Amino acid sequence: MKTITELRQEIVDRSLQAFHEGLFSGTSGNMSCYLREEDLMLITPTSVRYDVMRAEDIVVLRLDGTVVEGHLKPSSEWRMHAAVYEGCPDVNAVFHTHSPYATAFAVNHQTIPAVLIEALVFLGGDIRCADYATPGTKEVGLNAVPALEGRRGCTLANHGVLAVGGDLAQAYLNAEYIEDVAKIYTIARSVGTPVELKNL
Ligand code: 13P
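Residues numbered from 1 in each chain as written. Predicted model: local features only at pLDDT ≥ 70, side-chain atom pairs only at ≥ 80, totals over all residues. Heavy atoms only, no water.

Participant: What should I look at first to understand the overall build of the protein in this one?
Facilitator: A count of helices and strands for the protein gives six helices and eight strands. Scanning the protein from its N terminus toward the C terminus, one meets helices and strands in the order α-β-β-β-β-α-β-α-α-β-α-β-β-α. Taking 200 residues into account, the globule formula puts the C-alpha radius of gyration at 16 Å, and the protein, at 16 Å, falls close to it. Taken along the three principal axes of its C-alpha coordinates, the protein extends 50 × 35 × 30 Å. Buried positions account for 50% of the 200 residues belonging to the protein. Contacts in the protein between residues at least 24 apart in sequence constitute 62% of all its contacts with a sequence separation of at least 6. Accessible surface for the protein amounts to roughly 9,100 Å². Of this, 52% is attributable to carbon and sulfur atoms. (Helix = DSSP H or I, 4+ residues; strand = E, 2+ residues; numbered from the N terminus. Rg over C-alpha atoms; globule rule 2.2 N^0.38 Å. Buried < 20%, exposed > 50% of the residue type's maximum accessible area, 1.4 Å probe, protein only. Contact = heavy atoms within 4.5 Å. Areas by Shrake-Rupley, 256 points an atom, 1.4 Å probe, with all protein chains shown as cover.)

Okay, here's the thing in structure tokens:
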């Protein structure tokens, strides 16, 4: 099992990668993992640029918001992450991106159809859009839980994307596939009529 020090560094490394890949923009988006047995959530701090973020900036807190370790404020979306950990017992990593193609579906309150095999194998099917809630509130996470039923991700209305997994590597991969499917579907629509896998 990875130590807290290793996990803090992993969050920083994956966050920087996400920033370079365009999954994050500005200081938006956030990433966390949850050590369920210890009730410890490790999460990116709020409003810190990813290219200057360091391992010690990652905040360690309990799901009730009690900060255990950290000199910065946790992500403004920590309540959303906590609600997902409470509502999805098999999820131990949450990755909230603003990846542009998938977020465009979130702005339209539109499901991202399963048009590639990766959508079925990794994501569990199409990607639903969770009902809108004010960013920063627990309701964002509470609305995401039903949208995540049988899925490894969803979008958040007028907000962004949520990818989940058993660990950070899985959540990261799922975030990449959500964006990939949204992007390919969008391009396919611009040149023709995409066919969903369920219709084959
Ligand atoms: P922070 O994690 O920097 O608070 O980002 C907020 C955000 O991404 C809202 O969607």
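Past the structure itself, the notes keep going.
Participant: Can you walk me through the sheet that holds strand β8 (residues 160-165) in this structure?
Facilitator: A sheet is described by the order of its strands in space; here eight strands give the open sequence β4-β3-β2-β1-β5-β8-β7-β6, paired in mixed fashion. With one partner strand each, in any of the chains shown, β4 (67-69) and β6 (129-130) form the two edges of the open sheet. By the bridge criterion, two bridges tie strand β3 (residues 59-61) to β4 in an arrangement that is antiparallel. What sits directly across from L61, in β4, is V67. Together, β1 (30-35), β2 (40-43), β3, β5 (93-97), β7 (153-156) and β8 form the strand contacts of helix α2 (residues 78-87), whose direction differs from that of β1 by roughly 40°. Sitting on the sheet, helix α3 (residues 100-107) is in contact with β5, β6, β7 and β8, with an inclination near 115° to β8. (Pairing = 2+ DSSP bridges. Axes fitted to C-alpha atoms, helices over the stretch in contact; angles between N-to-C directions.)

Participant: Looking at this model, I keep getting lost on the packing of α2 against helix α5 (residues 138-147). Mind explaining?
Facilitator: Two quantities define a packed helix pair, namely the angle between the helix axes and the distance between the axes. Contact geometry for α2 and α5: axes closest at 7 Å, N-to-C directions at 35°. Here α2 runs over α5; the crossing is right-handed. Residues R79, M80, A83, V84, E86 and G87 of α2 form the contact with α5, whose own contacting residues are K138, V140, G141, L142, A144 and V145. Partitioned by chemical class, the residues of the contact of α2 with α5 number seven nonpolar, two polar and three charged. (Left-handed = near helix turned anticlockwise from the far one by under 90°. Nonpolar A, V, L, I, M, F, W, Y, C, P; charged D, E, K, R; others polar.)

Participant: Just to check I follow, could you spell out the environment of E69 for this structure?
Facilitator: Relative to the assigned elements, E69 resides in strand β4. The class for E69 is partly exposed, based on a relative accessible area of 37%. Measuring from C-alpha to C-alpha, the distance between E69 and T137 comes to 22 Å, with 68 residues separating the pair along the chain. A distance of 2.9 Å separates a polar atom in the side chain of E69 from a polar atom in the side chain of R8. (Polar contact = N/O pair within 3.5 Å; in protein donor to acceptor, adjacent residues only side chain to side chain.)

Participant: I keep staring at the site of the ligand and nothing clicks. Help me out?
Facilitator: Around the ligand, the structure places T27, S28, G29, N30, T46, S47, S75, S76, E77, H96, H98 and H159. Here N30 contributes a side-chain N or O atom positioned 2.9 Å from an oxygen atom of the ligand. Relative to its free-state accessible area of 310 Å², the ligand is covered by the protein chains to the extent of 88%. When its residues are assigned to classes, the shell around the ligand shows no nonpolar, 11 polar and one charged. (Near = heavy atom within 4 Å.)

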